[in-house]
Amino acid sequence: MPTEDDEDPRQLLIVEDDEAFARTLSRSFERRGYRVLHAASLPEVEALLTQHQPGYAVVDLKLKGEASGLACVQTLHAHSEDMLIVVLTGFASIATAVEAVKLGACHYLAKPSNTDDIEAAFGLAEGNTEVELTNRSSSIKTLEWERINEVLAETGFNLSEAARRLGMHRRTLMRKLDKKQVR
């Protein structure tokens, strides 16, 4: 159970399996006065939450192993509904952005994002009705990519099941994913 000493509003949990990126992000946030914790997987997140109660979290959407960043978002939000969670991903899709927000993230950013972007996202947790709407329609390739990401999220990033649901061969799906490095 977290102790009173660990209830620090400037404590930040970074959930990232890329050690170099996590280290760089950690140093940058530490220079801004945050106490930074790092986890590379869902089990590590769960272990840290038994001892700490961070006020902020930055979660990579695509983690190595079986659990996605969405599972981490769900766990973090269940632990503390007040925690501000920002999800980072190498390829943003509407489907995964919607799922991340439904599960408790306050914002969703495409990589590359820096500390300024992430800190600004924490500040925009309430949303903004003044955001400019665009009239740009999506291309067929974009719609296809968003559908692939939606099905991947639904299947917990199980490639065989996603390919079956999409009605394509697993190797075809893998080739499409290789063209757009999912991260």
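Before reading further, recall that the structure is shown in the block above.
Residues numbered from 1 in each chain as written. Predicted model: local features only at pLDDT ≥ 70, side-chain atom pairs only at ≥ 80, totals over all residues. Heavy atoms only, no water.

1. Looking at the overall build of the protein chain
For clarity, the threshold we go by: A helix here means a DSSP run of H or I that spans at least four residues, while a strand means a run of E at least two residues long, and both kinds are numbered starting from the N terminus. Remark: exposure states derive from per-residue accessible area (1.4 Å probe, protein chains only) relative to the maximum for the residue type, with buried under 20%, exposed over 50%, and partly exposed in between. Any two residues having at least one pair of non-hydrogen atoms within 4.5 Å are treated as being in contact.
Within the protein chain, the secondary structure is distributed over eight helices and five strands. Mapped in sequence order, the helices and strands of the protein chain form the string β-α-β-α-β-α-β-α-β-α-α-α-α. By residue count, 41% of the 183 residues in the protein chain fall in the buried class. Nonlocal contacts in the protein chain, meaning residues at least 24 apart in sequence, comprise 63% of its contacts between residues at least 6 apart.

2. Structural notes on the packing of aromatic side chains
Applied cut-off: Aromatic contacts are taken between Phe, Tyr and Trp rings whose centres are within 6.5 Å, Trp giving its six-membered ring; a plane angle under 30 degrees counts as stacked, one over 60 as edge-to-face, and the others as tilted.
Scanning all chains against the criterion turns up three aromatic pairs. Between F29 and Y34, the ring centres sit 5.1 Å apart and the planes meet at 90 degrees, which makes this aromatic pair edge-to-face. The class for Y34 is buried, based on a relative accessible area of 6%. Here the aromatic rings of Y56 and F122 are separated by 4.7 Å at their centres, their planes lie at 55 degrees, and the arrangement is tilted. Remark: F122 occurs in helix α5 (residues 115-123) and Y56 occurs in strand β3 (residues 53-60); sequence separation between them is 66 residues. Residue classification places Y56 among the buried residues on the basis of a relative accessible area of 17%. An aromatic cluster is defined as three or more aromatic residues linked by ring pairs; in this entry it consists of F29, Y34, Y56 and F122.

3. Quick notes on the packing of helix α6 (residues 140-154) against helix α8 (residues 170-179)
Operational definition: Here an axis means a line fitted to C-alpha atoms, over the contact stretch when the element is a helix, while the angle between two N-to-C directions is reported on a 0 to 180 degree scale. Between 65 and 115 degrees an angle is taken as roughly perpendicular, under 35 as roughly parallel, over 145 as roughly antiparallel, and anywhere else as oblique. In this scheme the crossing of two helices becomes right-handed for a clockwise turn of the near helix relative to the far one and left-handed for an anticlockwise turn of less than a right angle. Note on residue classes: Ala, Val, Leu, Ile, Met, Phe, Trp, Tyr, Cys and Pro are nonpolar, Asp, Glu, Lys and Arg are charged, and everything else, Gly too, is polar.
At a minimum axis separation of 12 Å, α6 and α8 run at an interaxial angle of 115 degrees. Comparing the axis directions of α6 and α8 gives the class roughly perpendicular. You can see that α6 and α8 cross each other, and the crossing is left-handed. In this structure, α6 uses E144, W145, I148 and L152 to contact α8, whose residues at the interface are L173, K176 and L177. For the contact of α6 with α8, the class distribution of residues is five nonpolar, no polar and two charged.

4. Quick word on the pairing of β3
Applied cut-off: Strands are treated as partners if at least two bridges between them are detected by DSSP.
Of all eight residues making up β3, seven are buried, and the element is well covered by its neighbours. Summarising the sheet, β3 and strand β4 (residues 84-89) pair through five bridges and their orientation is parallel. By the bridge assignment, D60 is partnered in β4 with L88.

5. Thoughts on the environment of N158
To keep things clear, this is the line we draw: Whenever a nitrogen or oxygen atom comes within 3.5 Å of another N or O atom, the pair is scored as a polar contact, on the condition that within protein one atom can donate a hydrogen and the other can accept it, and that pairs from neighbouring residues in sequence are kept only if both atoms are in side chains.
Note on placement: N158 falls in the loop between α6 and α7 (159-166). Side-chain polar atoms of N158 contact the backbone nitrogen of E161, separated by 3.0 Å.

Keep in mind these numbers describe shape, not what the thing actually does.
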